[in-house]
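Summary of the model geometry
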Amino acid sequence: MKNLAEKPSQLITKEFAKQLNLNYNNKKAQLTAKSSRKEDANAIWYSLEALESYIHYIKTHGANSGYEVDGIRFYFGVYPDDEKHGEKAGLTTLFLSATGRKTNTDSDDSTNKVQGFVAAKQAASADIQSLEPMNYGNIGRPPSLIY
C-alpha cells in the first residue's frame with residue numbers, strides 16, 4: 001500500500017470554498033458591474049508543471065542569492081487598461097512572489113553561525129525582490145467560473 005500524503009492543515013471544506021467564491025463573485029460584481037465592459041476572471045489556473053518549475057527556480061536562485069526561500073505569496077493585480085495588454089487590459093490577474101529570509105553566510109565562527117541561523121528563523125518572512133514574480137496563469141474561457 002502506498003503511503004498517502006499527510007493532509008495540509010490549511011484545507012477547508014468544499015462548502016466553505018463555494019461560499020468564499022460566491023462572496024467574491026457577488027462583491028466583485030457589485031464593484032465592477034458599472035465600470036467594466038468585459039467579464040472579469042474570478043479564478044486563475046496554473047499547471048502543476050509551471051508551479052513545480054517556479055518552485056525549483058525560486059529555491060535554486062534564492063539559495064544562490066543568499067536566501068532561505070520559505071514560501072510563495074499570491075497577489076491580486078489588474079492589467080493596465082491599454083491596448084498593449086490586448087484582451088487582458090483592465091482584468092484581474094494573480095501573480096506569485098517568492099518569500100524568505102536572508103541567510104547569514106559572512107561568518108566562519110560556528111557560534112555566530114548558530115546565532116545568525118536562529119535570528120534568521122525568527123525574522124519575518126518577506127518578498128524576495130531579487131527573484132522575479134510569476135504571472136500569466138490561465139483564466140479560461142469564459143473567464144468567470146463557479147466553484
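For the structure itself, consult the block above.
A short tour of the structure in this document, coming up. Sequence order as written defines the numbering, with residues in each chain counted from 1. Side-chain atom pairs in this predicted model are given and counted only at pLDDT of 80 or more, local residue features only at pLDDT of at least 70, and totals for whole chains, interfaces and linings cover all residues. For side-chain calculations, the full set of non-hydrogen atoms in the structure is used, while hydrogens and water are omitted.

Once that is clear, we can look at the packing of aromatic side chains. Pairing of aromatic side chains requires ring centres within 6.5 Å, counting the rings of Phe and Tyr and the six-membered ring of Trp. Pairs whose planes differ by under 30 degrees are stacked, by over 60 edge-to-face, and all others tilted. Scanning the model with the defined rule gives four aromatic pairs in all. Measuring from centroid to centroid gives 6.5 Å for Tyr24 and Phe76, while their planes differ by 20 degrees, and the two rings are stacked. Of this pair, Tyr24 sits in helix H1 (residues 14-32) while Phe76 sits in strand E1 (residues 67-78), and the two are 52 residues apart along the sequence. Taking 5.3 Å as the distance between ring centres and 15 degrees as the angle between the ring planes, the aromatic pair formed by Tyr75 and Phe95 counts as stacked. Helix and strand assignments follow DSSP, with helices taken as H or I runs no shorter than four residues and strands as E runs no shorter than two, numbered in order from the N terminus.

This part takes up the nonpolar core. Counting eight residues, the largest nonpolar core consists of Tyr46, Tyr54, Ile58, Leu96, Ala98, Ile128, Leu131 and Met134. Listing elements by their share of this core, those giving two or more residues are helix H2 (48-64) and strand E2 (92-102). When checking whether two residues touch, look at their non-hydrogen atoms; a contact exists if any pair is within 4.5 Å. In this structure Tyr46 touches Leu51, Leu94, Phe95, Leu96, Met134, Asn135, Tyr136 and Gly137, once residues within four positions along its chain are discounted. Working definition of a nonpolar core: buried Ala, Val, Leu, Ile, Met, Phe, Trp, Tyr and Cys residues. They are joined through side-chain atoms within 4.5 Å. When accessible area is computed with a 1.4 Å probe and restricted to protein chains, residues below 20% of their type maximum are described as buried, those above 50% as exposed, and intermediate ones as partly exposed.

Turning next to the pairing of E2. The element E2 is extensively covered by neighbouring structure, given that nine of its 11 residues are classed as buried. Note on pairing: two strands pair once DSSP finds at least 2 bridges between them. In this structure, E1 lies alongside E2, joined through 11 bridges in antiparallel fashion. Following the sheet pairing, Ile72 is matched in E2 by Ala98. Relative to strand E3 (residues 126-127), E2 is paired through two bridges, and the arrangement is antiparallel. Residue pairing across strands places Gly100 opposite Ala126, the latter belonging to E3.

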